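Take a look at the letters that make up each chain.
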Amino acid sequence: MLRLKKINTYYGKVHALKNVTLFLAEGEIVTLIGANGAGKTTILNTISGVIPASSGEVLFNDCQVTALPPDRIVRLGISQVPEGRQVFKPLSVEDNLDLGAYLRYINGESKVSIREDMVQVFNLFPLLQERRKQLAGTMSGGEQQMLAIGRALMAKPKLLLLDEPSMGLAPLIVQEIFRVLNQLRQENGTTILLVEQNARAALKLADRGYVLETGKIILEGSSVELMENADVKRAYLGKDRGLP
Amino acid sequence: MNRDLIKFLAFATLILATPQVLSGSYLMNVLLFVGIHTMLAIGLNLLLGYAGQISLGHAGFFGLGAYLSGILTATYGWNPWLAMPLAASVVGGLAFLIGFPILKLKGHYLAMATLGMGIIMYIIFNETIGLTGGPSGLSGIPAISIGSLAFDSDQKNFYLIWSFTLGMTLLTLNLTNSRIGRALRAVHDSEVAAQVLGINARLLKVQIFALSAVISSIAGTLYAHTMTFISPTSFGFNFSVELLTMVVIGGLGSIYGSFLGAALLTLLPEFLRGAQDYDIIIYGALLMVMVKYMPGGLVRGVPDLFRKLLKKRGARHA
């Protein structure tokens with residue numbers, strides 16, 4: 001479904017992604033794990049067109065999408081949940097969700113079908129329905145994360161890019177959010193690329209994973225393989241190899 | 001929406017009734033300026049209050065609209081009704097072209113770029129003497145007329161200007177309550193998040209910049225034909241700052257706030273005239289006090305003040 005070929009991305013002079021190659025098959029959940037500054041977010045921003053790659057190719061369903069602006073990418077069915085949630089704080093929950101369907105409104109889709117999808121989002125996150133009229137900025141971090149995911153879903157994406165949905169949230173809420181992601185995959189067949197620092201939770205949910213270090217992919221494999229890998233265990237899962 | 005419409009109708013009735021009370025007085029003339037300033041403040045508010053982009057050069061668009069229709073009508077004998085849309089399209093097109101490169105900038109840098117834009121236009125008004133008359137101004141601009149009805153008195157101009165201002169108010173109220181208004185506020189709050197939802201933030205910013213320039217240009221045309229004389233000093237940097245102050249004092253992101261800000265800043269100097277040389281000090285002090293105690297602008301601050309006063313009275317009675 002999605003294929004990155006030898007992607008190189010720069011921030012000015014900083015070489016943030018070095019020859020990154022990865023793929024996602026339809027219906028998969030794939031996770032990117034790595035330390036701060038490894039380039040996880042940059043990969044997502046490159047795919048969504050926010051920071052265009054300087055070389056390499058991004059293919060979505062075998063179409064070139066490398067140099068497209070973000071709005072075209074969303075049109076094709078890729079939605080990003082940006083890092084740090086970035087809900088529109090002065091706007092209500094409902095307005096935030098409506099904005100998620102911005103392009104569908106522009107394309108002249110009926111309000112009824114968009115309403116139906118909002119009901120779907122409320123089914124996934126009942127809390128949001130209770131807070132429909134509340135300003136997004138007055139909600140807790142977990143609620144804002146749910147809103148950010150709901151907002152991205154309003155675009156009816158085929159591929160969802162999630163940037164650290166567990167950031168700064170209580171373990172119980174992280175569990176809840178991951179449960180919903182799993183449900184999304186099973187019920188809607190949504191493909192998900194998940195960036196996480198919480199490697200343990202991410203690998204439990206995902207089918208496969210890539211490990212990123214200073215802009216390079218250093219390891220890839222199924223979640224089970226990665227969880228068993230000694231280096232991954234030591235560096236990302238907090239298990240020491242045992243002192244002598 | 002219905003409630004908004006009732007609010008608007010009440011506002012329009014109130015405005016259109018004022019000539020009944022003030023007919024013939026000097027204040028009628030001041031109210032013409034309130035109308036023009038309201039239009040300008042609404043235009044700038046779309047940009048600053050909704051889309052979150054600053055402009056320190058809007059007086060330039062205002063001046064360009066005034067000069068274009070002034071020159072076309074006074075020098076070339078055009079009908080003002082033709083000059084107005086032509087001026088507005090030229091100004092809108094120009095803003096669109098300027099907007100693409102400069103709206104890439106943010107914050108202070110955008111302020112600097114728009115400041116430069118305003119200054120360039122001011123210099124052009126001053127230096128193209130053959131066209132604009134330079135510093136001594138352009139005179140002999142005809143009044144606007146419909147058939148045999150010429151808008152040549154304060155009272156007639158009041159209705160002309162305010163029908164434009166009210167029309168603009170209704171238009172912008174609709175715009176800001178629509179999908180586009182939501183998208184603007186989204187861009188204001190977080191451009192990245194707006195982008196990843198598929199909002200073409202850059203294009204939207206440029207479009208709103210152009211729209212606000214068009215509104216300023218129409219205000220400029222009306223100004224030129226009401227005054228029948230224009231000179232560059234009305235379109236300088238000071239006026240850009242005054243417009244900015246109107247928008248902030250009135251309330252960012254509120255159309256009625258723009259009216260309040262424009263009305264206050266236009267009427268206040270008239271009422272302070274009694275204080276003679278001290279008027280500018282009082283004026284400045286009032287602005288400081290208002291910004292300190294009503295950071296949300298008059299449109300939010302005044303109702304808050306009333307609520308507080310009522311509470312205090314209620315507490316005393318209890």
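Reading guide: rules and limits
Residues numbered from 1 in each chain as written. Chains lettered and ligands numbered in written order. Predicted model: local features only at pLDDT ≥ 70, side-chain atom pairs only at ≥ 80, totals over all residues. Heavy atoms only, no water. Pairing = 2+ DSSP bridges. Helix = DSSP H or I, 4+ residues; strand = E, 2+ residues; numbered from the N terminus. Axes fitted to C-alpha atoms, helices over the stretch in contact; angles between N-to-C directions. 1 Å grid on protein atoms, 1.4 Å probe; cavity = no way out; pocket = protein on both sides within 12 Å on 5 of 7 lines; lining within 4 Å. Points joined across faces, edges and corners; volume = space filled by probe spheres on them. Nonpolar A, V, L, I, M, F, W, Y, C, P; charged D, E, K, R; others polar. Salt bridge = Lys/Arg side-chain N within 4 Å of Asp/Glu carboxyl O. Expected span 1.5 Å × (residues − 1). Buried < 20%, exposed > 50% of the residue type's maximum accessible area, 1.4 Å probe, protein only. Contact = heavy atoms within 4.5 Å. Core = buried A, V, L, I, M, F, W, Y, C linked by side-chain atoms within 4.5 Å. Parallel < 35°, antiparallel > 145°, perpendicular 65-115°, else oblique. Left-handed = near helix turned anticlockwise from the far one by under 90°. Buried area = accessible area lost by both parts, 1.4 Å probe. Polar contact = N/O pair within 3.5 Å; in protein donor to acceptor, adjacent residues only side chain to side chain.

**Regarding the sheet that holds strand β10 (residues 216-222) of chain A**
Residue and element names in this part refer to chain A.
Okay, step 1: The mixed open sheet is built from six strands, whose spatial order is β6-β7-β8-β3-β9-β10. Both outer strands of the open sheet, β6 (78-81) and β10, are each paired with one neighbouring strand and no more. Strand-to-strand twist across the sheet, computed as the mean angle between neighbouring axes with direction ignored, equals 15°.
Okay, step 2: Where strand β3 (residues 29-34) and strand β8 (residues 191-196) come together, five bridges link them in parallel fashion. Looking at β8, one finds that I29 is bridged to I192.

**Some details on the layout of surface pockets**
Okay, step 1: Quantified by volume, the largest pocket comes out at close to 1000 Å³.
Okay, step 2: Considering the residues around the largest pocket, the lining is formed by 31 residues, among which B:K7, B:Y50, B:N177, B:R185 and B:G253 are closest to the centre.
Okay, step 3: Elements with a contribution of two residues or more to the lining of the largest pocket: α3 (93-100) of chain A together with α1 (2-22), α2 (26-50), α7 (154-176), α8 (179-189), α12 (255-271) and α14 (298-317) of chain B.
Okay, step 4: With five residues, the top contributor of residues to the lining of the largest pocket is α1(B).
Okay, step 5: A breakdown of the residues in the lining of the largest pocket according to their chemical character gives 13 nonpolar, eight polar and ten charged.

**Some details on the pattern of salt bridges**
Okay, step 1: Applying the stated rule across the entire model yields 21 salt bridges over all chains.
Okay, step 2: Ionic pairing is found between A:R185 and A:D207, a salt bridge with its closest N-O pair at 2.9 Å. Here A:R185 is found in helix α8 (residues 171-188), whereas its partner A:D207 is found in the loop between α9 (199-205) and β9 (208-213), with 22 residues between them in sequence.
Okay, step 3: One continuous salt-bridge network, built from bridges that share partners, spans A:E94, A:D95, A:D98, A:R115, A:R132, A:K133 and B:R182.

**Details of helix α5 (residues 111-124) of chain A**
Residues and elements named next belong to chain A.
Okay, step 1: The end-to-end C-alpha distance of α5, which contains 14 residues, comes to 20 Å, matching closely the 20 Å that a straight helix rising 1.5 Å per residue would cover.
Okay, step 2: Among the residues of α5, those classed as buried are S113, I114, D117, M118, V121, F122 and L124.
Okay, step 3: Buried positions along α5 lie against α3, α4 (102-106), α6 (126-130), α7 (141-153) and α8.

**Things to note about the sheet that holds strand β2 (residues 14-24) of chain A**
Residues and elements named next belong to chain A.
Okay, step 1: Taken in spatial order, the four strands line up as β2-β1-β4-β5 in an open sheet, and their pairing is antiparallel. The open sheet has two edge strands, β2 and β5 (63-64), and neither has a second partner.
Okay, step 2: Pairing geometry for strand β1 (residues 2-11) and β2, over seven bridges, is antiparallel. Following the sheet pairing, R3 is matched in β2 by F23.
Okay, step 3: The strands touched by helix α1 (residues 40-48) are β1 and β2; relative to β1, the strand with the most contacts, the crossing angle is about 110°.

**Thoughts on the nonpolar core**
Okay, step 1: Judged by nonpolar contacts, the single largest core of 103 residues is most densely connected at A:L99, B:I199 and B:I230.
Okay, step 2: Per element, the largest residue contribution to this core is 16 residues, and it comes from α2(B).
Okay, step 3: Once residues within four sequence positions are removed from consideration, A:L99 is found in contact with A:F88, A:L91, B:R182, B:A183, B:A186, B:L197 and B:I199.
Okay, step 4: If you look at the next biggest cluster of nonpolar residues, it comprises 37 residues, including A:I29, A:V93, A:L153 and A:L205.

**Considerations on the packing of α2(B) against α7(B)**
Residue and element names in this part refer to chain B.
Okay, step 1: α7 packs onto α2 with a crossing angle of 20° between their chain directions and a minimal axis gap of 8 Å. The orientation of α2 with respect to α7, classified from their angle, is roughly parallel. Like other packed secondary-structure pairs, α2 and α7 cross with a definite hand, here left-handed.

**Looking at the interface of chain A and chain B**
Okay, step 1: Tallying the contact residues gives 22 residues for chain A and 16 residues for chain B.
Okay, step 2: Taken as a group, A:F88, A:L99 and A:Y102 account for 32% of the area that chain A buries against chain B, more than any other trio of residues on that side.
Okay, step 3: At the boundary of chain A with chain B, the tally comes to two salt bridges.
Okay, step 4: Residue A:D98 pairs with B:R182 through a salt bridge whose shortest N-O separation is 3.7 Å.
Okay, step 5: Where chain A packs against chain B, one counts two residue pairs in polar contact (both at pLDDT 80 or more).
Okay, step 6: At the level of elements, α2 (70-76), α3 and α4 of chain A are the ones that each hand at least two residues to the side of chain A that touches chain B.

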